[in-house]
There are 2 protein chains.
Amino acid sequence: MERIIATYLIETPYDPPAAAAVLAGEQSSGTFVAIPGETAQLKERFAARVVSVEALETLTSPAIPGAISPNGQYHRALVKVSWSIENFGFNLPLLVSTLQGNLYEIKQFTGLKLLDIVLPASYGIHFNGPEFGVTGCRALTGVTGGPLIGTIIKPSIGLSPEQTASMVDTLASAGIDFVKDDELLSASANSSFEARLAAVMQVVNKHADKTGKKIMYAFNISGEMDEMQRRYDAILAAGGTCAMISINSVGLSATQKIISKGGLAIHGHRNGWGMLNRHPLLGIDFRAYQKIWRLVGVDQLHVNGIDNKFWESDDSVVASIEALKQPLFDQANPLPVVSSGQWGGQAFETYQRTQTVDLLYMAGGGIMAHPMGPAAGVLALQQAWQGAVDGWTLEATAAQYPEFRKSVEKFGSSK
Amino acid sequence: MERIIATYLIETPYDPPAAAAVLAGEQSSGTFVAIPGETAQLKERFAARVVSVEALETLTSPAIPGAISPNGQYHRALVKVSWSIENFGFNLPLLVSTLQGNLYEIKQFTGLKLLDIVLPASYGIHFNGPEFGVTGCRALTGVTGGPLIGTIIKPSIGLSPEQTASMVDTLASAGIDFVKDDELLSASANSSFEARLAAVMQVVNKHADKTGKKIMYAFNISGEMDEMQRRYDAILAAGGTCAMISINSVGLSATQKIISKGGLAIHGHRNGWGMLNRHPLLGIDFRAYQKIWRLVGVDQLHVNGIDNKFWESDDSVVASIEALKQPLFDQANPLPVVSSGQWGGQAFETYQRTQTVDLLYMAGGGIMAHPMGPAAGVLALQQAWQGAVDGWTLEATAAQYPEFRKSVEKFGSSK
């Protein structure tokens, strides 16, 4: 019978194999005293199994509160645990409760992070994965070479539908590929979803009629289930191509339901991610996280960006892009969404370290605040990526292209 | 215009007021360069505001990775921030993205925990809260005095529907009020949801016909949206009174949708909670968390238990029960679900510190592994609570009641 294997980074004051056994017991058949009916046969079929325990370093203080070590030592280890898919089938919320449930409560751990999961072959048959992904998003936007260039409407909240549409008009004229609502805006007092959709799509369709290129606008539909369904349908009816969902806030089951409707690319925004990942010994690593959301079927997923304005390291960003580049069954690969403090200067390191242009590269001020205007801002980003792909340095690219040179002058020293 | 106020515990190498200003900017209109269109009027209406900053202690090492302090100092503070409800209206996922979104990514913080929220009066009109809560769950189970006594079917996973039903038969005969699926079981290879529902409800209804008392069985419906709806309907049709949802795994929007159907008490299981709460300087405190889920409408919510087998302190458990006891508008109060390593001995401290019997008190082995059998196990729990409410000590209660005395002998030294 197929099994799912999860890898955890653990820390414990006890012997790591003993602590791993507690995890396996708690997450399959554990209780604090022996119970009639818990037969050896049942255990064999449904019990979680500790596959391996690889000892790592020992420290003298715990990473997070838990059991106190009698000898002041806290042992870290990589632990692999497996479950039969007979336990949960293809029920993703149940899988999440198994892999990321009460085990975080176990006091034998002073650190516990889910690093990765290995999914069985039947998941590749049952789950379709992203409807669009990299290839589909390229087809929808008509972008054949280089990354999709995108931006977020700012200020995040406060603009009227007409002001938003006017910015989209400017951006579409500038040759942008993708524009999105901020995650803080779905419907505000001065920008109802319906009015914004109508105003923005009028502009998007006007440009598409004129140029043959339809920019992708990600409308933030995050909200109650019925409202999300209505808004999804409204986007489709208006000729839109994308809906944005704050996946952590909306949650797994509702996102899965929305995606099952089909027809729109889903922009998966991971706001709240820091809560799940920021501590090195607590939560979930992006490698595991992205697999779950690929099964759910998001077409685009945020990965932050090199030299970003947030706390995340460049190494972590690169690892996240690499994770999304890996195949998952024969599913489409989601498009990594690179954002946060990006202006084009990071294209060089991003390309050098990931060797891909299959990205949605998002810049805010880097476009709208470009000294020569938004069109030059978009062009500058394309130039930066062209230079990066051609193996040029930032300096050589700036010397070649005047628009990118202006970006370097304005944004090159900002952090 | 009404505002929502959130209180955060922060840690920062910078001046706390400056870091708080970054949070407010990021969570309303922030980007890394000035943008045309961001007028003073817009800011005034939609910007988050720092209400207060209360300095706490200063430490010499950061709680979580973030900006490095130039002078080695990390300042903690309580920060209150407010948002106009014009930003998100009654859209709870959007509220969550505002209160718990990208702010966890801000590198200016080396610690950030959402402690509490103050909701505006209009939320009390818009949201109904729990359909049943304490009073409704008492009415459904016919329990008028003392806590509802409950248990979890163990082993968590592996029993057939017939074995589960047989245990329910035993437990119903023993006088129990509440039984639940484990959160690891919804449908397994040898226990389909439908077969388990049929087998269990046949037993539940048989006892109800005989005694007039219908025990509440919480069937775990956690899963995909359509399946959850079908299972909810099936429980109702079979005469059941309760559905269980792993709220973190299923997510907010789908849980809200299920609850809107009406008719069943919702048992809110918070597995995965440790990931959100276990670090003292990261995530969300139960005070804030429970308010969101009360708005969603869960009728029962887990709070762990005194002297539990997990990592959580007794103080934290007591604070969680107190949080659920507080009124929220004129909504019904959810029933706190006390569980984990409970056998009755903890009734004394639980009552002494919370002064309430409006609890669902869950014991596993404490019932099924009682030396005199499950009926004595249930009776022992009722005796423990009677003794606690009467102001007796554990010892006096054990001296008075033989069933509880046996519990003390068997479980009194276990931890």
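All values derive from a computational prediction rather than experimental measurement.

S.K.: How would you sum up the domain arrangement of chain A? Please name residues and give values.
M.R.: Residues and elements named next belong to chain A. The domains assigned to chain A are domain 1 (3-126) and domain 2 (133-414). Contacts between domain 1 and domain 2 engage 23 residues on the former and 20 residues on the latter. Scanning the region where domain 1 abuts domain 2 turns up 1 salt bridge. Across the salt bridge formed by D116 and K291, the nearest N and O atoms sit 2.9 Å from each other. Remark: the boundary between domain 1 and domain 2 carries 10 residue pairs in polar contact (both at pLDDT 80 or more). Among the secondary structure elements, those contributing two or more residues to the side of domain 1 that touches domain 2 are β1 (3-12), α3 (92-99), β4 (111-118) and α4 (121-126). The residue inventory of the side of domain 1 that touches domain 2, partitioned by class, reads 16 nonpolar, 3 polar and 4 charged.

S.K.: Explain the side chain of A:N91 to me, and be specific about the residues and the numbers.
M.R.: Its location among the elements puts A:N91 in the loop between β3 (74-84) and α3. According to the relative accessible area criterion, A:N91 is buried, its value standing at 7%. Of the polar contacts made by the side chain of A:N91, one reaches the backbone oxygen of B:S222; its length is 2.9 Å. Other than its neighbours up to four places away in sequence, A:N91 contacts B:S186, B:S222, B:G223, B:E227 and B:R231.

S.K.: Provide a residue-level description of helix α3 (residues 92-99) of chain B, including the pertinent values.
M.R.: Residue and element names in this part refer to chain B. Of all 8 residues in α3, 8 are buried, a share of seventy percent or more. Buried within α3 we find L92, P93, L94, L95, V96, S97, T98 and L99. The opening residue of α3, the one whose side-chain oxygen lies 3.1 Å from the backbone nitrogen of L94, is N91.

S.K.: I'd like a rundown of the confidence of the model for chain A, residues and numbers included.
M.R.: Residues with a pLDDT of 70 or more make up 97% of chain A, whose mean pLDDT is 95. Scored by ipTM, the complex comes to 0.96, with pTM at 0.97.

S.K.: Can you explain the relation of the copies chain A and chain B? Please cite residues and give values.
M.R.: Once chain A has been moved 0.0 Å along the axis and rotated by 180°, it coincides with chain B to within an RMSD of 0.0 Å. Taken together, the rotation and translation relating the two chain copies correspond to the operation of a two-fold axis. Proximity to the rotation axis, assessed at the C-alpha, singles out A:G251 in chain A; its C-alpha lies 1.8 Å from the axis.

S.K.: Can you explain the interface of chain A and chain B? Please cite residues and give values.
M.R.: By a widespread convention, an interface's size corresponds to the accessible area lost as its parts come together. With 98 residues of chain A at the contact, the number on the chain B side is 98 residues. For the pair chain A and chain B, the two sides together bury roughly 7,900 Å², of which 59% comes from carbon and sulfur. On inspection of chain A and its partner chain B, the count reaches 4 salt bridges. Of the charged contacts, one joins B:D226 and A:K257 as a salt bridge, the two residues approaching to 2.8 Å between their closest N and O atoms. The interface formed by chain A and chain B includes 40 residue pairs in polar contact (both at pLDDT 80 or more). Counting only elements with at least two residues in the side of chain A that touches chain B, the list comes to α2 (40-46), α3, α8 (225-237), α9 (247-250), α10 (252-261), α11 (273-277), β10 (282-284) and α15 (365-368) of chain A. Along the lines of polarity and charge, the residues of the side of chain A that touches chain B split into 41 nonpolar, 42 polar and 15 charged.

S.K.: Requested: an account of the packing of helix α16 (residues 374-389) of chain A against helix α18 (residues 402-411) of chain A, with residues and values cited.
M.R.: When two helices pack together, their arrangement is given by the angle between the helix axes and by the axis-to-axis distance. Residue and element names in this part refer to chain A. In the contact formed by α16 and α18, the axes pass within 8 Å of each other and the chain directions differ by 95°. With respect to their mutual orientation, α16 and α18 come out roughly perpendicular. Facing α16, whose interface residues are A376, L379, A380, Q383 and A384, α18 presents E403, F404 and S407. Classifying every residue of the contact of α16 with α18 gives 5 nonpolar, 2 polar and 1 charged.

S.K.: If you had to explain the packing of aromatic side chains to someone new, which residues and values would you point to?
M.R.: Residue and element names in this part refer to chain A. Summed over the entire model, instances satisfying the criterion amount to 28 aromatic pairs over all chains. Ring centres of F286 and Y289 lie 6.1 Å apart, and the angle between their planes is 40°; this geometry places the pair in the tilted category. Of this pair, F286 and Y289 both sit in helix α12 (residues 286-296), 3 residues apart, roughly one helical turn. Taking relative accessible area as the criterion, F286 reaches 4% and is therefore assigned buried.

S.K.: Hey, could you go over α18(A) for me, with residue numbers and the actual values?
M.R.: Residue and element names in this part refer to chain A. Turning to α18, its buried residues number three or more, namely E403, F404, S407 and F411. Projected onto a plane normal to the axis of α18, the buried residues spread over an arc of 95° and lie on a single side. In the core, the buried residues of α18 are packed alongside α14 (347-354), α15, α16 and α17 (394-400).

S.K.: So what's going on with the sheet that holds strand β9 (residues 265-269) of chain A? Residues and values would help.
M.R.: In a beta sheet, neighbouring strands are held together by backbone hydrogen bonds and run either parallel or antiparallel to one another. Residue and element names in this part refer to chain A. With respect to topology, 8 strands assemble into a closed barrel ordered β5-β6-β7-β8-β9-β11-β12-β13, the strand pairing being parallel. Strand-to-strand twist of the sheet, defined as the mean angle between neighbouring strand axes without regard to direction, takes the value 25°. Bridge analysis of strand β12 (residues 335-338) against strand β13 (residues 360-362) gives 2 bridges, and the strand direction is parallel. From the neighbouring strand, V337 faces β13, where its bridge partner is L360.

Conventions and cut-offs
Residues numbered from 1 in each chain as written. Chains lettered and ligands numbered in written order. Predicted model: local features only at pLDDT ≥ 70, side-chain atom pairs only at ≥ 80, totals over all residues. Heavy atoms only, no water. Domains from an automatic or database assignment. Contact = heavy atoms within 4.5 Å. Salt bridge = Lys/Arg side-chain N within 4 Å of Asp/Glu carboxyl O. Polar contact = N/O pair within 3.5 Å; in protein donor to acceptor, adjacent residues only side chain to side chain. Helix = DSSP H or I, 4+ residues; strand = E, 2+ residues; numbered from the N terminus. Nonpolar A, V, L, I, M, F, W, Y, C, P; charged D, E, K, R; others polar. Buried < 20%, exposed > 50% of the residue type's maximum accessible area, 1.4 Å probe, protein only. pLDDT = per-residue confidence, 0-100. Least-squares fit on C-alpha atoms with pLDDT ≥ 70 in both. Buried area = accessible area lost by both parts, 1.4 Å probe. Axes fitted to C-alpha atoms, helices over the stretch in contact; angles between N-to-C directions. Parallel < 35°, antiparallel > 145°, perpendicular 65-115°, else oblique. Phe/Tyr/Trp six-rings, centres within 6.5 Å; stacked < 30°, edge-to-face > 60°. Arc of directions from axis to C-beta. Pairing = 2+ DSSP bridges.

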